[in-house]
Amino acid sequence: AGGKVVIGYASTDIKVSHPIGQLLLPILRYHDRSRFSVLCLDMSLFGLDRSHSSVWKGQVREMCDAGYVHITGCAVNACADRINGFRVSVLINLNGWAGEDRYDILSMRPAKTQINLLGFAGTSGVPSTDGLVTDATSSPPEYRSHYSERRMLMMPQFHHIMSHK
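What you see is a predicted model; the values in this text were computed from it and never measured. Throughout this document, residue positions are counted from 1 along each chain, in the order its sequence is written. For this predicted model, a pLDDT threshold of at least 70 governs which residues receive local features, and a threshold of 80 or more governs which side-chain atom pairs are given and counted, while totals over whole chains, interfaces and linings are taken from all residues. With hydrogens and water set aside, each side-chain value is computed from the structure's full complement of heavy atoms.

A closer look at the overall build of the protein
Inference 1: Working definition: helices are DSSP H or I runs of at least four residues, strands are E runs of at least two. Numbering for both runs from the N terminus. In terms of regular secondary structure, the protein is built from four helices and seven strands.
Inference 2: Secondary structure of the protein in N-to-C order comes out as β-α-β-α-β-α-β-α-β-β-β.
Inference 3: Between buried and exposed lies partly exposed: a residue is buried under 20% and exposed over 50% of the maximum accessible area for its type, with that area taken using a 1.4 Å probe on protein chains only. Split into buried and exposed, the 165 residues of the protein put 48% on the buried side.
Inference 4: Put simply, the protein shows about 8,100 Å² of open surface, and 56% of that area lies on carbon and sulfur atoms. Where accessible areas are quoted, they stem from the Shrake-Rupley method and a 1.4 Å probe; at the residue level, only the protein chains shown are allowed to cover.

And the structure:
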């Protein structure tokens, strides 16, 4: 991606009818494109085509300058190898244990750094998850020793990122 850091967002819920889909657009919008390139990894069974809004689909694709890729229908190792081929520096798992989680693939460590955001505010308990974006209410500091993540990125108020509009 031209010397830029590739950030991959992985989820089975990239769709207009799901809160992850609604929260994803503002997140994608605020990246410094001179330093970062964004890749969306749709790990759902059906991909972006199941969305009901062509305008929304276009916005998501536009924000994913490193590509929008549907990853499914392959063996776990093959899916992990495919993600690894994109040279993702930071893979952000938007599912956590919520919904159709894909820890089977993410446990193969297809990216250098793997972080959980949005879908599940608690610890993953998965050794391949390096960090968690959370807040003190969702992840009370007194329970930190029970978390498997090595890094906790504590947001000052609430860990969900909302649109400024």
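Considerations on the pairing of strand 4 (residues 90–93)
Inference 1: Any two strands with at least two DSSP bridges between them are considered paired. As judged from the four bridges shared by strand 1 (residues 5–11) and strand 4, these two strands associate in the parallel manner. Across the sheet, residue Gly-8 finds its bridge partner in strand 4, namely Leu-91.
Inference 2: Relative to strand 5 (residues 113–116), strand 4 runs parallel, the two being bridged by four bridges. Bridge pairing in strand 5 links Leu-91 to Gln-114.

As for helix 1 (residues 19–29)
Inference 1: Here helix 1 lies mainly inside the structure; eight of its eleven residues are buried.
Inference 2: For helix 1, the full list of buried residues reads Ile-20, Gly-21, Leu-23, Leu-24, Leu-25, Pro-26, Ile-27 and Leu-28.
Inference 3: We call two residues in contact whenever any of their non-hydrogen atoms come within 4.5 Å of each other. Residues of helix 1 that are buried make contact with strand 1, strand 2 (36–42) and helix 2 (54–63).

A few points about helix 3 (residues 76–84)
Owing to its 3.6 residues per turn, the α-helix brings residues three or four apart onto one side.
Inference 1: Residues of helix 3 that are buried include every one of Cys-79, Ala-80 and Ile-83, and no others. Down the axis of helix 3, the sector holding all buried residues measures 100°, keeping them to one side.
Inference 2: The elements touched by buried residues of helix 3 are strand 2 and helix 4 (103–106). Taken from the helix axis, the directions to the C-beta atoms give the arc we talk about.

Side note on unusual backbone geometry
Inference 1: One non-glycine residue with positive phi stands out, namely Arg-87, at about 55°.
Inference 2: Summarising the element assignment, Arg-87 is placed in the loop between helix 3 and strand 4.
Inference 3: Judged by its relative accessible area of 59%, Arg-87 falls in the exposed class.
Inference 4: Phi is positive for Arg-109, which is not a glycine, with a value near 55°.
Inference 5: Under the relative-accessibility criterion, Arg-109 is labelled partly exposed at 30%.

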